[in-house]
Amino acid sequence: MNTLDIELKINNNKGDLTESIAQTISNNHDEFIPLFEKYIDMGSGQTTIFEDSLRVESDEVHIDDDLLGGIAHAMFDSHFYAGCKDMNSVDEHEIELPFEIQKNKIIFNIEIPKPWVITE
């Protein structure tokens, strides 16, 4: 199985750890694009992911009691071009990003979903 491995330094100069993690994830949108592409099945040129649309609120970051990991509930946006103005859409997607905390880094090892398969 393919995984997305990301290691990000937490910018925790001052303030709440959950806020720092949320901000670090949001500021690194491009690192997660391979996951987003498979999550919404980018097999067609009709769908694009909005640049810098990854959002994580600090109250959506949950850290385990042992402070060794957690999960961030995130959102990102995509645009679907159907060819007709009234059929185009902007979609908001929710995704869970599990992580580990090591020293002042958050580490993601997320399984990338298989491409969607349409059967007849």
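Everything below is about the structure shown above.
Counting starts from 1 at the beginning of each chain's written sequence and moves along it residue by residue. Only residues with pLDDT of at least 70 get local features here, since the model is predicted, and only at 80 or more are side-chain atom pairs given and counted; chain-wide, interface and lining totals rely on the full set of residues. Computation of side-chain values covers all heavy atoms of the structure but excludes hydrogens and water.

**A closer look at the packing of aromatic side chains**
Here is step 1 of the chain: For this analysis, a ring pair means two rings from Phe, Tyr or Trp (six-membered ring only for Trp) whose centres lie within 6.5 Å, classed as stacked if their planes differ by under 30 degrees, edge-to-face if by over 60, and tilted for the remaining angles. Counting across every chain of the model gives five aromatic pairs.
Here is step 2 of the chain: With a centroid separation of 6.3 Å and an interplanar angle of 20°, the aromatic rings of phenylalanine 32 and phenylalanine 36 are classed as stacked.
Here is step 3 of the chain: A residue is classified by how much of its surface remains accessible, and phenylalanine 32, at 0% relative accessible area, is buried.
Here is step 4 of the chain: Ring centres 6.2 Å apart and planes at 65° place the aromatic pair tyrosine 39 and phenylalanine 76 in the edge-to-face group. Relative accessibility under 20% of the residue-type maximum defines a buried residue, over 50% an exposed one, and the middle range a partly exposed one, all with a 1.4 Å probe and only protein chains included.

**Describing unusual backbone geometry**
Here is step 1 of the chain: One non-glycine residue, leucine 67, lies in positive phi territory at about 60°.
Here is step 2 of the chain: Even without being glycine, lysine 103 reaches a positive phi, approximately 55°.
Here is step 3 of the chain: Strands are runs of DSSP state E lasting at least two residues, helices are runs of H or I lasting at least four, and both sets are numbered from the N terminus onward. On the secondary structure map, lysine 103 appears in the loop between β5 (89–102) and β6 (105–111).

**So, the nonpolar core**
Here is step 1 of the chain: Residues belong to a common nonpolar core when they are buried Ala, Val, Leu, Ile, Met, Phe, Trp, Tyr or Cys residues joined through side-chain atoms within 4.5 Å. Counting residues in hydrophobic clusters, the biggest one holds 26 residues, and the most contacted among them are Ile21, Ile25, Phe32, Leu97, Phe99, Ile106 and Phe108.
Here is step 2 of the chain: The set of elements that each furnish at least two residues to this core consists of β1 (3–9), α1 (17–26), α2 (33–39), β4 (69–80), β5 and β6.
Here is step 3 of the chain: When residues in this core are grouped by element, the largest group, four residues, is from β5.
Here is step 4 of the chain: Any pair of residues with heavy atoms lying within 4.5 Å of one another is described as a contacting pair. Among residues more than four places away in sequence, those in contact with phenylalanine 99 are Ile21, Val61, His62, Ile63, Gly69, Gly70, Ile71, Ala72, Ile106, Ile107 and Phe108.

**Some details on the pattern of salt bridges**
Here is step 1 of the chain: Here a salt bridge means any side-chain nitrogen of Lys or Arg lying within 4 Å of a carboxyl oxygen belonging to Asp or Glu. Taken as a whole, this structure holds three salt bridges when the rule is applied.
Here is step 2 of the chain: Linking glutamate 7 and lysine 105 is a salt bridge whose minimum nitrogen-to-oxygen distance equals 2.9 Å. You can see glutamate 7 sitting in strand β1 and its partner lysine 105 sitting in strand β6, a full 98 residues away along the chain.
Here is step 3 of the chain: Taking the shortest distance from any N to any O, the salt bridge between arginine 55 and aspartate 77 comes out at 3.0 Å. Within this pair, whereas arginine 55 is found in the loop between β2 (47–49) and β3 (61–63), its partner aspartate 77 is found in strand β4, the two being separated by 22 residues in sequence.

**So, the pairing of β4**
Here is step 1 of the chain: Here β2 pairs with β4 via three bridges, running antiparallel. Its bridge partner lying in β4, isoleucine 49 is registered against serine 78.
Here is step 2 of the chain: Both β3 and β4 contribute to a ladder of three bridges, which runs antiparallel. Pairing of histidine 62 across the sheet is with isoleucine 71, part of β4.
Here is step 3 of the chain: Pairs of strands are assigned from DSSP output, requiring at least two bridges between the strands. Here β3 folds back onto β4 in antiparallel fashion, the turn holding five residues, of which leucine 67 has a positive phi close to 60°.
Here is step 4 of the chain: Pairing of β4 with β5 involves 12 bridges; the strand directions are antiparallel. Within β5, the residue paired with histidine 73 across the bridge is glutamate 96.

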